[in-house]
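Coordinate analysis (summary)
Each chain, written out:
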Amino acid sequence: MHKLREKNSKKCVNNVTVDQMNRTLDGQYTWSIKKGSNLQRSVVIGVRKEIPHRIVDLDTDLPIVGIQIQNPISISIACAYLPCGRLLSLDNQVRRILDQLPEPKMFIGDLNGHHPAWGCQRADPRGVTLCDIFVQEASRSLAGKVLWLINPDLCGSDHYPVQVRLSTASPPENTRTPRWRYGKLIGRHQYTNNWLCPRAEGTPLVERRNQKGQAKSTPEAQTHLPKRSSKCRQEIRTAKQNCWSNFLESINAEQSSAELWSRINALSGKRRSSPLQIRTDAVTITDPTVVADELGKYFAKLSGISEYSESFRQRVRPSLSSVSTFGIPPDNDDLPINSPLSWEDLGFAFSRSNGNSAGPGEISYPLLKHLSPEGNTKLLDLYNQLWTAEEYPENWRESLVIPLPKTNVGTKDITGFRPIALTCCMAKVLERMVNRRLKQYLEAKGLLDHRQHAFRQGYGTSTYFATLGEVLKEAKDQGHHAEIVSLDI
């Protein structure tokens, strides 16, 4: 997509004629060009000649050209250039153009509108108008089929190129052991033009058989039913082969017999679930509520100061009392660290958020990372509202504590468990955003001690041991001794 200008009665793309581009690109592209009747800018789309496509005539005065490609699926594309300045009835004109495009459709171009939904730091009136249009008119069927990224190379332009690609990656394999029910596969579905569709609730079995028989009697069903049945059987065979191959690859000589039989029983559908039991004061507790209370008291005792000796508590008591009176310097809203959270912060937090556990909020990382652009915009707005108002939801302070056995899986000793806390995923995303900004500020100001190697970019165990080696070597060369204190906190 390029902007065009009239020059010497020839249509040029960034001062390069179409003929010159054809010579440079070996004539591999077919160009669709349009110039607005009341504007001095034009647009062009180049499509490789081997890709089937057709031009979509758009009834508009704006410099917008439309095409429909057929590789590998049918997609309508409108390429536009919206010049700076006020455009009359922009909302109605864009909606009318989108109505003329066959589904699914894609709207691209140089729109001269800013909005966080497409990566801008701010939003202007035109960006807000266009974002509202795109949210309402978007072809949601394309959401899971396209991937897009920004090319950092300007390629001689004043805009960063955006590459949009059809996703050809297959969906992730289900690692859960399949439970095959082949006998009910055909009975629970009816054949339609969409291959296999779930049976409507309440449809009697006899009526479903009648629907299947009627479908066989139609010419369309006689043509497509054998192909769909064959495809269904092929999918089943492929899934069975993958499941069996994965199971065989998971068996090795280092496994214990208990783990091996556990896998075999899981493959056979035999699963045993026994409630957690603990033993206190020679009494075995099986009631889940009482077990949870006892484990909670034990974990709270471990993290309390009452677990330490009286001499230690006397030494740390002055420092603990000084924490409540710690002097916090006055805040300044003009500092960069206090600026609103950005899309870059949110993207960084998402890239560091892994796992599938939802926590008490029942909102998992995959759910947040697969939000639409509109959903991401609202999520960032929510975080900025909490950030500027200096508020924190109370339910984000809660966590689910899960007891895990330290060594023996079947232990009943309460001391043989350790706690794992699952906090709200939305809270952890916000925490990562704030933590990243705080670390950047501390690093830029040089406020971190040079001897700190943990939780710093570019530092780690290797830099720590290298520094430790230098300290030991220096002490040895000078005839001194070095004292090392190792703490597991």
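Residues numbered from 1 in each chain as written. Predicted model: local features only at pLDDT ≥ 70, side-chain atom pairs only at ≥ 80, totals over all residues. Heavy atoms only, no water.

**Quick notes on the overall build of the chain**
A tally of regular secondary structure across the chain gives 13 helices and 17 strands. In the chain, which comprises 489 residues, the share counted as buried stands at 27%. Across the chain, every contact between residues at least 6 apart in sequence was considered, and the portion connecting residues at least 24 apart equals 50%. Surface exposure of the chain reaches about 34,300 Å², of which carbon and sulfur atoms provide 53%. (Helix = DSSP H or I, 4+ residues; strand = E, 2+ residues; numbered from the N terminus. Buried < 20%, exposed > 50% of the residue type's maximum accessible area, 1.4 Å probe, protein only. Contact = heavy atoms within 4.5 Å. Areas by Shrake-Rupley, 256 points an atom, 1.4 Å probe, with all protein chains shown as cover.)

**Notes on the confidence of the model for the chain**
In the predicted model, the chain carries a mean pLDDT of 75, and the fraction of residues at 70 or more is 77%. At the low end of the mean pLDDT range in the chain sits strand 1 (residues 2–7), at 35; at the high end sits helix 11 (residues 373–389), at 91. Here residues 1–14 is modelled with pLDDT under 50, and outside its nearest four sequence neighbours on either side it reaches 44 contacts, counting other chains as well. Note on residues 182–217: pLDDT is under 50 here. Beyond four places in sequence and across chains, it has 42 contacts. (pLDDT = per-residue confidence, 0-100.)

**Comments concerning the nonpolar core**
Counting residues in each nonpolar core, the largest one holds 19 residues, and the members touching the most others are Leu346, Tyr383, Trp396, Val429 and Met433. Elements supplying a minimum of two residues to this core: helix 9 (343–351), helix 10 (365–369), helix 11 and helix 12 (425–445). Apart from residues lying up to four places away in sequence, Leu346 is in contact with Asn376, Leu379, Leu380, Tyr383, Val429 and Met433. (Core = buried A, V, L, I, M, F, W, Y, C linked by side-chain atoms within 4.5 Å.)

**With respect to the environment of Gly109**
Residue placement: Gly109 occurs in strand 9 (residues 105–110). Owing to a relative accessible area of 29%, Gly109 belongs among the partly exposed residues under this scheme. Considered as a pair, Gly109 and Val43 are 66 residues apart in the sequence and their alpha carbons are 8.6 Å apart.

**What about the pattern of salt bridges?**
If charged atoms from side chains of opposite charge come close, those side chains can pair. Across all of its chains, the model carries 13 salt bridges by this definition. A salt bridge links Arg397 to Glu394; the nearest nitrogen and oxygen atoms lie 3.5 Å apart. The class of Arg397 is exposed, set by a relative accessible area of 54%. In this structure, Arg451 and Asp449 form a salt bridge, with 2.9 Å as the shortest nitrogen-oxygen distance. On the basis of relative accessibility, which here comes to 61%, the residue Arg451 falls in the exposed class. Shared partners join several salt bridges into a network, and the residues in it are Glu344, Asp345, Arg436 and Arg437. (Salt bridge = Lys/Arg side-chain N within 4 Å of Asp/Glu carboxyl O.)

**So, the packing of helix 2 (residues 90–100) against helix 3 (residues 125–137)**
Two numbers describe how helix 2 lies on helix 3: the axes approach to 10 Å, and their chain directions differ by 30°. Looking at the two axes, helix 2 sits roughly parallel to helix 3. For the crossing formed where helix 2 meets helix 3, the hand is right-handed. Contact residues: helix 2 offers Leu90, Asp91, Val94, Arg95, Leu98 and Asp99, while helix 3 offers Arg126, Thr129, Leu130, Asp132, Ile133, Gln136 and Glu137. (Axes fitted to C-alpha atoms, helices over the stretch in contact; angles between N-to-C directions. Parallel < 35°, antiparallel > 145°, perpendicular 65-115°, else oblique. Left-handed = near helix turned anticlockwise from the far one by under 90°.)

**Considerations on the packing of helix 9 against helix 12**
Contact pair helix 9 / helix 12: the axes reach a minimum separation of 8 Å and the direction vectors enclose 115°. Of the two elements, helix 9 crosses helix 12, and the hand of that crossing is right-handed. Across the interface between the two elements, Glu344, Asp345, Leu346, Phe348, Ala349 and Phe350 from helix 9 touch Val429, Arg432, Met433, Arg436 and Arg437 from helix 12. Classifying every residue of the contact of helix 9 with helix 12 by side-chain character gives six nonpolar, no polar and five charged. (Nonpolar A, V, L, I, M, F, W, Y, C, P; charged D, E, K, R; others polar.)

**Details of the sheet that holds strand 6 (residues 53–56)**
Judged by pairing direction, the sheet is mixed, and its four strands sit side by side in the order 6-7-8-9 without closing on themselves. Since the sheet does not close on itself, it has two edges, and those belong to strand 6 and strand 9, each with one partner. For this sheet, the mean inter-axis angle between neighbouring strands, taken without regard to orientation, is 25°. Note that strand 6 and strand 7 (residues 64–69) share four bridges and pair antiparallel. The residue bridging Ile55 from the neighbouring strand is Ile67, located in strand 7. Running at roughly 135° to strand 9, helix 2 makes contact with strand 6, strand 7 and strand 9 of the sheet. (Pairing = 2+ DSSP bridges.)

**Observations regarding unusual backbone geometry**
Backbone torsion omega between Glu103 and Pro104 reads -15°, so that peptide bond is classified as cis. Along the chain, Pro104 falls in the loop between helix 2 and strand 9. Notably, Asn112 is not glycine yet its phi reads approximately 50°, a positive angle. Of note, Asn112 is situated in the loop between strand 9 and helix 3.

**A look at a nonpolar patch on the surface**
On the surface, Trp148, Ile150, Leu154, Tyr160, Val162 and Val164 cluster together into a nonpolar patch covering about 590 Å² of accessible area. Broken down by secondary-structure element, the contributors of at least two residues to the nonpolar patch are strand 10 (146–150) and strand 11 (162–166). What makes Val164 partly exposed here is its relative accessible area of 40%. (Patch = residues over 30% accessible without salt bridge, like charges linked within 9 Å, V, L, I, M, F, W, Y side chains within 5 Å.)

**Focus on the side chain of Asp345**
Along the chain, the position of Asp345 falls in helix 9. Of note is the side chain of Asp345, whose polar atom sits 2.7 Å from the side chain of Arg436. The contact partners of Asp345, leaving out residues within four places of it in the chain, are Met433, Arg436 and Arg437. (Polar contact = N/O pair within 3.5 Å; in protein donor to acceptor, adjacent residues only side chain to side chain.)

**Observations regarding the packing of aromatic side chains**
Two descriptors summarise a pair of aromatic rings, namely the distance from one centre to the other and the angle between the planes of the rings. Inspection of the entire model under this criterion finds six aromatic pairs. Both rings, one in Tyr392 and one in Trp396, keep their centres 5.7 Å apart while their planes meet at 85°; by these two values the pair is edge-to-face. Note on Tyr392: relative accessible area 33%, which makes it partly exposed. Aromatic side chains Tyr464 and Phe465 sit 5.3 Å apart centroid to centroid with 65° between the ring planes, which places their arrangement in the edge-to-face category. Given a relative accessible area of 36%, Tyr464 falls into the partly exposed group. One aromatic cluster is present, formed by Tyr383, Tyr392 and Trp396 through successive ring pairs. The positively charged end of Arg436 is found above the aromatic ring belonging to Phe348, 4.9 Å away from the centroid. (Phe/Tyr/Trp six-rings, centres within 6.5 Å; stacked < 30°, edge-to-face > 60°. Lys NZ or Arg CZ within 6 Å of the ring centre and 35° of its normal.)

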